[in-house]
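Chain by chain, the residues run as shown.
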Amino acid sequence: MMDNIKFGKFIRKTRHEKGLTQKQLAERIHVSDKAVSKWENGAGFPDIKILEPLAECLGVSLMELMQGERIVEPEIDRETAEQIVAQTISQSGQEEEWKRRMWKVKLLLGACACGIIYLICVGIRYLAWQEKGQIPAKLSEASDCLWYENPVLFYVWAGILVILCGAGAVYLLWKNESIREVKVGRQKAKSFLTILMDMVVVLLLHTYLSNIANNEQQLAMLPEVIPVNAYVTTADGSRQAGIFIKDNLVQGLMDSSYVDKLHMDVRLKAGIDRVIPGQWNTLDLYLEGVNCIEVSDCIKESDVVWNTGEDASFLKGTEAKCIVSKKLFEKKGWKLGERVTLCQWYYYREDESSLELFANPLQTMEYEIAGYVDTMDKWDDRFVVPPDIIVPFQVVRNCYAQEKIPFFASSASFELTDALCMNEFKREMKELGFCSVAPTVPDNSLNGVALNVNDAAFISTAEHLRQVIDTVRAFFPFLLLLIVGVGYLVTLLLLQSRKKEMALLRSIGLNRRKCFRVFFMDQLTLVVTGIVAGSLLSVLIQGNYGGNSALAGGLVGICYMAGNSLALWKLLKVSVMEALFAAE
Amino acid sequence: MGMKMEILRAEHVSYSYLSKYQKVEAVKDVSCSFEKGRFYAIVGESGSGKSTFMSLLAGLDQPCDGTIYVEGEPLCGMDRDAYRLNRAAVVYQAFHLFPLLTAQENVMLPLEFKKMRKKEAARQAKRLLQRMGLESRIYRQFPKMMSGGEQQRVAIARAVAAGGEIILADEPTGNLDSGNEENVVALLKELAHEDGYTVIVITHNQRVADETDHVFCMRDGRMEQVR
């Protein structure tokens, strides 16, 4: 093998003969002075392309340069020349191969680092998706989605990528870099302790993150578990049906994004065909306009005998159809699908503070009988009598608008879409004109102006959960610092006895940076093993195949290795003289 | 004996350090030179500064004053890690072999640092161990299974493996019996006279000093050439 030392000495000697400094020589052949110093110390070999200009600068032949000495004989035989050239090419090739390998290693390590950071970001995103319930319950469902749409698949691919890159980098380094001297496998006890420590830390962090995630999930699901409902009442909360709710409030509730399952009704009087003033027996029917059949808790869609092709959906719209009581249906001898003419009269008050009700004609309309129902007698007692006829709410409202009469709804109740937006909801209702119920202030009117919101249980539970989450979360930065501390202390304690090895590596000629890298890779192998084992164990124990394991693993990896690196750097400051030389 | 080239030269080298708030001048204004292919001894009492001076020659620290030259180039201007890898090597009294590497792996280490292929490094390490007179059964043994003499010869093989020119030995026979001591000294002498190494040993042992070509004596940090 070509002797680097001999080669280096020859360059130095001929350089001195030429009266050149390293810097001057470097400038002439367009390399750095560090490269020249490296060659002269035998620590490297120039690229094959530089040999000729180098020989020219030094005033020697290419053959002399490659042989590392002046050639005395005028000619050398072909075989010797070929041997010299082959050795030089091989030497230069080794350098090139080393540089190429180091680029691959750097690329792989960079990919590995990006992969870990990516995993952490996806982990955080995954938890957010999990909160919204967008994660498929089973892994088998994941295959239906495109891989980039589904966080589980994303994770799997990213995880495979990181493991491959990491394994590739470690393999390349192991093959050619001097990490074998630390012999991870031969330090059985210390290696096992490091792996065990990492497993435990990953398990603990995973438990911590899962605890936060579970509480957040409970909080997100709270509106479903404890739905918050509200209804419009009089100012003192004493009445919630048969009241007068202004049209602007009705419209506000219909338009609000915080209102769900809005149930409204409006009460009227009606007569069939015509009403004769003075003959009030011709105005003896109670008509109710509702926007869905669930307005009454007693009547279900399945209780109604429907005409063919009919169901309760017409109540949401403006079709002139109706549901009649069976008693009325049989009394009048009506048939399903028959059209009946109803004279509608509305209730009004002479002033808003009055409790006395009067009625006036509203509009006469024809309705098609969509069905009849037998359970009118079981109508719930909400200070009103059960209706004889049920028509769509909006049809009645349109009649008011056509006759230019101010519309009032008789009752309104609903659920909140997102109870977690309680404050925004209350602000909006206040802006509409609703007030809070004031039970201590008696109200003898029928004005539906207050909102009674049943949120006590929800608020109490939500506040408790929020407190728990905030308290646990507050520890997060300290937890990360603790992991850094654990990494620092464990490394310091376990590697204390290897300070002499570090000093010895330094004395043999490995610089501090390379020495650091050797031990860092050694520790990284152990830490990654511990993290993978800990993550798998946490998945098995907690049954969560998702984000928390990878997030915990990634965070432990970064924080533990940060502490580990600090400890390594401290240990590498060992004085070689003190560590190795005989005591004076 | 022909003219030998100078390889190491110390000019007015001084070194001091702080020890419990007291300044200790370990090396005071030492000037000396060492030639290729010679065997040197530095003798002196404990605390005279021999080991400190040797560590300066090894580039493990820099002198506070003065300069050390390696073939005319100042050591302070070099990459001292590369210097120790390629040109100078240290042999210790306590051998300091890597406990978890075999004898062969210990010798391969500097070669691997120089990016030699594993097979070639293994071949060269075997050759060196043979040269040191070690049996083949030793090659795959761990240091704790070897005798003191065997360990020291492995350490010398490791020092020679990188192909440098200077061997600095700090009390290489301090932990050896007389039989092994003679073997090790003979080996170092052979490396100097036949292989052209500059071998510098620190020793308290007069028998070892007698085997060398030149002797320096250090007293209270100062050096004088005795022979």
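What you see is a predicted model, and the numbers here were worked out from it, not measured in a lab.

(A) Representation of the overall build of chain A in the model. Counting its regular elements, chain A contains 19 helices and 13 strands. Put simply, chain A has 584 residues, and 48% of those count as buried. Considering only intrachain contacts with a sequence separation of at least 6, the fraction spanning at least 24 residues in chain A is 76%.

(B) Examining the pairing of strand 2 (residues 22-35) of chain B more closely. Residue and element names in this part refer to chain B. Direction of pairing for strand 1 (residues 6-19) relative to strand 2: antiparallel, over a ladder of 10 bridges. Considered in strand 2, the bridge of Arg 9 is made with Ser 33. Connecting strand 1 to the next strand, strand 2, in antiparallel fashion are 2 residues, including Lys 20 with a positive phi near 50°.

(C) The arrangement of the sheet that holds strand 6 (residues 88-91) of chain B in detail. Residues and elements named next belong to chain B. Overall, mixed pairing links the 6 strands, which are arranged 6-7-8-3-9-10 in an open sheet. The sheet is open, and its two edges are formed by strand 6 and strand 10 (222-225), each paired on a single side. Neighbour-to-neighbour, the strand axes of this sheet turn through a mean angle of 20°, independent of strand direction. In this structure, strand 9 (residues 214-219) lies alongside strand 10, joined through 4 bridges in antiparallel fashion. Within strand 10, the position partnered with Cys 217 by the bridge is Glu 224. Running over the sheet, helix 1 (residues 50-57) touches strand 3 (39-44), strand 7 (166-170), strand 8 (198-202), strand 9 and strand 10 and is turned about 155° from strand 8. Contacts from helix 6 (residues 178-193) reach strand 3, strand 7 and strand 8, with the element oriented near 130° to strand 3.

(D) Broad picture of the confidence of the model for chain B. Residue and element names in this part refer to chain B. Of all residues in chain B, 98% attain a pLDDT of 70 or more, and the chain-wide mean is 88. Ranking the elements of chain B by mean pLDDT puts strand 10 last with 85 and strand 8 first with 94. The ipTM, which scores confidence in the relative placement of chains, is 0.89 for this predicted complex, and the corresponding pTM is 0.61.

(E) Quick peek at the nonpolar core. Counting 59 residues, the largest nonpolar core has B:Leu8, B:Phe34, B:Phe53 and B:Ile200 as the members making the most contacts within it. Residue contacts for B:Phe53: discarding those within four places in its chain leaves B:Ala10, B:Val27, B:Val30, B:Cys32, B:Phe34, B:Ile42, B:Met218 and B:Met223. Within the second largest apolar cluster, 57 residues are counted, among which are A:Trp334, A:Leu362, A:Val395 and A:Phe425.

(F) Helix 12 (residues 393-402) of chain A, seen in detail. All names here are of chain A. Within helix 12, 7 of the 10 residues are buried, which leaves it mostly tucked inside the rest of the structure. Along helix 12, the positions that sit buried rather than exposed are Phe 393, Gln 394, Val 395, Val 396, Arg 397, Cys 399 and Tyr 400. One or two steps after helix 12, the chain reaches Lys 404, where phi turns positive at roughly 55°.

(G) Main features of the sheet that holds strand 4 (residues 65-70) of chain B. Residues and elements named next belong to chain B. Pairing within the open sheet is antiparallel, and its 4 strands lie in the order 2-1-4-5. Both outer strands of the open sheet, strand 2 and strand 5 (73-74), are each paired with one neighbouring strand and no more. Sheet strands in contact with helix 1 are strand 1, strand 2 and strand 4, and its direction is about 60° off that of strand 2.

(H) Local environment of the packing of aromatic side chains. All names here are of chain A. A full pass over the atoms with the stated rule returns 16 aromatic pairs over all chains. With a centroid separation of 5.6 Å and an interplanar angle of 25°, the aromatic rings of Phe 516 and Phe 520 are classed as stacked. A residue pair is termed a helical-turn pair when its members lie 3 or 4 positions apart in one helix, as Phe 516 and Phe 520 do in helix 17 (residues 512-542) at 4 residues. Three or more aromatic residues joined by ring pairs form one cluster here, namely Tyr 346, Tyr 348, Phe 358, Phe 393, Tyr 400 and Phe 407. For the cation-ring pair, Lys 269 lies above Tyr 286, with the distance from its terminal atom to the ring centre recorded as 4.1 Å. Looking at Arg 349, its charged tip hangs above the ring of Phe 408, at a distance of 5.8 Å from the centre.

Definitions and limits used
- Residues numbered from 1 in each chain as written.
- Chains lettered and ligands numbered in written order.
- Predicted model: local features only at pLDDT ≥ 70, side-chain atom pairs only at ≥ 80, totals over all residues.
- Heavy atoms only, no water.
- Helix = DSSP H or I, 4+ residues; strand = E, 2+ residues; numbered from the N terminus.
- Buried < 20%, exposed > 50% of the residue type's maximum accessible area, 1.4 Å probe, protein only.
- Contact = heavy atoms within 4.5 Å.
- Pairing = 2+ DSSP bridges.
- Axes fitted to C-alpha atoms, helices over the stretch in contact; angles between N-to-C directions.
- pLDDT = per-residue confidence, 0-100.
- Core = buried A, V, L, I, M, F, W, Y, C linked by side-chain atoms within 4.5 Å.
- Phe/Tyr/Trp six-rings, centres within 6.5 Å; stacked < 30°, edge-to-face > 60°.
- Lys NZ or Arg CZ within 6 Å of the ring centre and 35° of its normal.

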